[in-house]
Amino acid sequence: QVQLVESGGALMQPGGSLRLSCAASGFTLAGYAIGWFRQAPGKEREGVLCISANDYITYYRDSVKDRFTISRDNAKNTVYLQMNSLKPEDTAVYYCGKSPTRTCGSGIDRWGKGTLVTVSS
């Protein structure tokens with residue numbers, strides 16, 4: 001019954017902005033850290049950024065620090081990934097994942113199925 005469902009993936013032009021959503025069900029999202037990850041074609045899954053239960057944000061790579069932000073709306077049981085200034089190298093399937101704890105860095109015990117973001121002219 002614990003489930004994460006990503007939505008918002010789209011075909012975008014370089015420089016565009018997109019907001020992804022991660023809607024949780026079967027548990028109260030406010031009590032856990034939630035991370036965003038991505039997997040580009042032919043590459044391994046990589047961490048993007050994470051938000052703790054206390055809203056502390058961890059960036060997993062420099063390439064998105066100036067362009068991506070993460071937030072949560074506990075009333076909606078949803079975490080968001082705001083992506084600005086999209087680049088072709090951002091093309092990937094984006095996944096959200098639930099930490100077993102309140103803190104980022106504790107691993108992931110539940111994954112969503114992913115949503116595809118394609119950035120191309």
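Every chain is numbered on its own, with residues counted from 1 as its sequence reads. The predicted nature of this model means local features are confined to residues of pLDDT at least 70 and side-chain atom pairs, given and counted, to a pLDDT of 80 or more, with totals for whole chains, interfaces and linings taken over all residues. Excluded from the side-chain calculations are hydrogens and water; all other atoms, namely the structure's heavy atoms, are used.

A. Representation of the pattern of salt bridges. Salt bridges are defined by distance alone: a side-chain nitrogen of Lys or Arg within 4 Å of a carboxyl oxygen of Asp or Glu. Applying the stated criterion across every chain, the model contains seven salt bridges. Put simply, Arg38 and Asp90 hold a salt bridge, and the shortest N to O gap is 3.0 Å. With Arg38 in strand β4 (residues 34-39) and Asp90 in the loop between β8 (78-83) and β9 (92-98), this pair connects stretches of sequence that are 52 residues apart. Note that Asp90 is salt-bridged to Arg67, the shortest N-O span being 2.7 Å. Note that Asp90 is positioned in the loop between β8 and β9 and Arg67 in the loop between β6 (57-59) and β7 (68-73), a separation of 23 residues in sequence. For the exposure calls, accessible area comes from a 1.4 Å probe over protein chains only, and a residue counts as buried if that area is under 20% of its type's maximum, exposed if over 50%, partly exposed in between. For Asp90, a relative accessible area of 1% gives the class buried. Given a relative accessible area of 9%, Arg67 falls into the buried group. Sharing partners across several salt bridges, the network here consists of Arg38, Glu46, Arg61, Arg67 and Asp90. For helices the rule is a DSSP run of H or I covering at least 4 residues; for strands it is a run of E covering at least 2, with both sets numbered from the N terminus onward.

Scope: geometric values only; no functional claims are made or implied.
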